[in-house]
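This is what each chain is made of:
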Amino acid sequence: MSGRSTNPGNHANGASEVQGANSTRARASASLDTSLDTSLGTSPDTLLNTSPGVPRRPDPVSEPPAVRWLLTGIALLFLALFLVVPLVAVFYQALAKGLRFYFASLADPDALSAIKLTLLTAAIAVPLNLGFGLAASWCIAKFEFRGKALLTTLIDLPFSVSPVISGLIYVLMFGAQGWFGPWLEDHDVQIIFAVPGIVLATIFVTFPFVARELIPLMQAQGNDEEEAAHVLGASGWQIFRRVTLPNIKWGLLYGVILCNARAMGEFGAVSVVSGHIRGQTDTMPLHVEILYNEYNFSAAFAVASLLALLALVTLGLKLLAERHMSAELSAAREVPAYAGPAPVPLSTDTSTGTGTRPAGAPSAPHSFFANATPASQPHPLKQGEL
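Residues numbered from 1 in each chain as written. Predicted model: local features only at pLDDT ≥ 70, side-chain atom pairs only at ≥ 80, totals over all residues. Heavy atoms only, no water.

Of regular secondary structure, the chain possesses 16 helices and two strands. Out of the 386 residues belonging to the chain, those deemed buried represent 28%. Excluding contacts between residues fewer than 6 apart, the proportion of contacts in the chain whose partners are at least 24 apart in sequence is 71%. Total accessible area computed for the chain in this model is approximately 24,800 Å², and 65% of it derives from carbon and sulfur atoms. (Helix = DSSP H or I, 4+ residues; strand = E, 2+ residues; numbered from the N terminus. Buried < 20%, exposed > 50% of the residue type's maximum accessible area, 1.4 Å probe, protein only. Contact = heavy atoms within 4.5 Å. Areas by Shrake-Rupley, 256 points an atom, 1.4 Å probe, with all protein chains shown as cover.)

As structure tokens, then:
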């Protein structure tokens with residue numbers, strides 16, 4: 001009987017060679033994975049800059065320190081010349097003759113009349129623009145209809161029309177020689193050169209502010225929460241009060257702040273329709289002009305300082321509202337859509353091999369929900385909250 005003889009030493013050598021090759025291959029793969037992980041977390045520019053033999057390139061998204069300091073200095077100089085210095089000059093001139101003259105200028109009957117008329121005009125114009133802004137923003141952001149683009153364009157109209165032109169339009173409509181002038185005169189109704197004309201002109205130049213702040217905020221938030229509240233049985237007023245209004249409160253405050261500041265500081269349109277009747281139809285900006293034209297500079301700057309204080313308060317409230325509104329916009333973009341409750345899993349019947357749903361468990365209305373998973377954040381509305 002013949003056969004091939006085997007040497008145990010040869011088998012041992014072959015096994016050791018195979019084991020060594022596998023170990024070398026594993027070390028090479030681990031080294032390649034490490035280099036890939038390192039390179040994937042590094043930008044191409046950094047790889048090029050750190051490669052040996054390649055000249056280092058400047059970062060394309062940054063500027064040299066000298067350029068940054070130059071641009072920052074120019075911006076600060078511009079702000080100092082056109083914002084800080086005039087603001088300081090207003091308060092310096094207002095207090096040039098002492099605090100007694102300052103408060104005496106504000107206590108003058110004509111000045112008090114101008115302050116009261118300014119506050120009255122703002123108290124009428126701002127709530128009306130608030131109601132219009134809420135209605136217009138709700139309509140544009142929540143519904144699709146014909147003429148939507150035209151309505152949006154008309155809301156921006158006061159931004160593109162000079163305030164003097166808008167005041168002149170009211171004079172041509174309600175003046176003595178205007179379209180409705182004879183009828184108003186016969187019924188002893190005066191609009192031009194009276195408080196109603198001032199209020200109308202102020203409403204026209206300020207009505208875009210609330211709407212233009214709320215429209216993008218409502219569009220970013222979408223309709224998901226309102227639709228969920230409607231499904232839960234909430235009425236329209238409940239949806240607005242419990243869902244929509246809390247989500248837009250900071251944007252609403254921001255628009256009201258801007259609207260009020262513009263209403264109290266409006267000059268052009270009010271100047272055309274007021275008639276400059278001292279003590280009757282002069283607002284604060286018009287009273288400042290009259291005092292300045294009379295070379296009563298300290299009294300003019302005393303009244304102007306009130307408007308400057310209003311501007312500072314408005315700026316502080318504006319920054320606060322902007323911070324909260326940006327946070328709400330970020331939250332609206334990050335919160336995922338509500339995917340509904342998790343479906344009840346099917347239990348397998350061992351006798352038949354088919355899936356059965358437990359007794360009393362609701363079935364999915366559509367096969368789409370068979371693989372649906374709940375969103376990472378539960379919906380804030382629950383049955384019985386509204």
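More follows now that the structure is in view.
Here the focus is the environment of Val272. Mapped onto the elements, Val272 comes out in helix α14 (residues 268-274). It is 6.4 Å that separates the C-alpha atoms of Val272 and Leu168, two residues lying 104 residues apart in sequence. With residues up to four places along the chain from it excluded, the contact list for Val272 reads Val164, Gly167, Leu168, Val171 and Phe193.

Right, let's get into the environment of Leu307. Positionally, Leu307 belongs in helix α16 (residues 297-334). As a C-alpha pair, Leu307 and Met284 span 23 residues in sequence and 8.0 Å in three-dimensional space. Sequence-distant contacts of Leu307, defined by excluding residues within four places in its chain, comprise Met264, Met284 and Pro285.

Taken together, the side chains of Leu76, Leu77, Phe78, Leu79, Leu81, Phe82, Leu83, Val84 and Val88 make up a nonpolar region of the molecular surface, amounting to roughly 930 Å² of accessible area. Structurally, Leu79 can be placed in helix α3 (residues 65-94). (Patch = residues over 30% accessible without salt bridge, like charges linked within 9 Å, V, L, I, M, F, W, Y side chains within 5 Å. Salt bridge = Lys/Arg side-chain N within 4 Å of Asp/Glu carboxyl O.)

Let us look at helix α15 (residues 284-293). Spacing of three or four residues puts side chains on the same side of an α-helix, whose turn is 3.6 residues. Of all 10 residues in α15, seven are buried; the element is thus mostly enclosed. Among the residues of α15, those classed as buried are Met284, Pro285, Leu286, His287, Val288, Ile290 and Leu291. Phi for Tyr295, located one or two positions after α15, is positive at around 65°.

Residues Leu134, Val210, Leu214, Ile248, Leu252 and Cys259 are the most contacted members of the largest nonpolar core, which totals 16 residues. Listed by contribution, the elements that provide at least two residues to this core are α5 (109-142), α11 (208-221) and α13 (236-265). The dominant element in this core, judged by the number of residues it contributes, is α13, at seven residues. (Core = buried A, V, L, I, M, F, W, Y, C linked by side-chain atoms within 4.5 Å.)

Positive phi outside glycine occurs at Asp188, with the angle close to 55°. Asp188 gets classed as exposed once you look at its relative accessible area, which sits at 74%. We note that Tyr295 has phi near 65°; this positive angle belongs to a residue other than glycine. Assignment of secondary structure puts Tyr295 in the loop between α15 and α16.

Bringing the side chain of Ser274 into the picture now. Looking at the secondary structure, you find Ser274 in helix α14. Filtering out sequence-adjacent residues up to four positions away, Ser274 remains in contact with Phe193, Ile198, Thr281 and Leu286.

Relative to the helices and strands, Lys142 is located in helix α5. For Lys142, a relative accessible area of 13% translates into the label buried. At 3.4 Å, the side chain of Lys142 forms a polar contact with the side chain of Glu226. (Polar contact = N/O pair within 3.5 Å; in protein donor to acceptor, adjacent residues only side chain to side chain.)

This brings us to the confidence of the model for the chain. Averaged over every residue, the pLDDT of the chain is 78; residues scoring 70 or more account for 69%. Segment residues 1-6: pLDDT under 50, and one contact once partners within four positions in sequence are set aside and those in other chains are kept. (pLDDT = per-residue confidence, 0-100.)

Right, let's get into the packing of helix α12 (residues 224-231) against α13. Their axes nearest at 10 Å, the elements α12 and α13 cross at an angle of 165°. With respect to each other, α12 and α13 are oriented roughly antiparallel. By crossing handedness, the relation of α12 to α13 is classed as right-handed. Mapping the contact onto sequence places Glu225, Glu226, Ala229 and His230 in α12 and Ile239, Val243, Thr244 and Asn247 in α13. (Axes fitted to C-alpha atoms, helices over the stretch in contact; angles between N-to-C directions. Parallel < 35°, antiparallel > 145°, perpendicular 65-115°, else oblique. Left-handed = near helix turned anticlockwise from the far one by under 90°.)

With that settled, consider the packing of aromatic side chains. Evaluated as defined, the whole model comprises 12 aromatic pairs. Judged by centre distance (4.6 Å) and plane angle (35°), the ring pair of Phe78 and Phe82 falls under tilted. One end of the pair, Phe78, and the other, Phe82, are both in helix α3, four residues apart, so they sit about a helical turn from each other. Among the aromatic residues, ring-to-ring pairing joins Phe132, Tyr170, Phe174, Phe180, Phe204 and Phe207 into one connected group. The ring of Phe101 has Lys97 sitting right over it, with the charged end atom 5.0 Å from the ring centre. (Phe/Tyr/Trp six-rings, centres within 6.5 Å; stacked < 30°, edge-to-face > 60°. Lys NZ or Arg CZ within 6 Å of the ring centre and 35° of its normal.)

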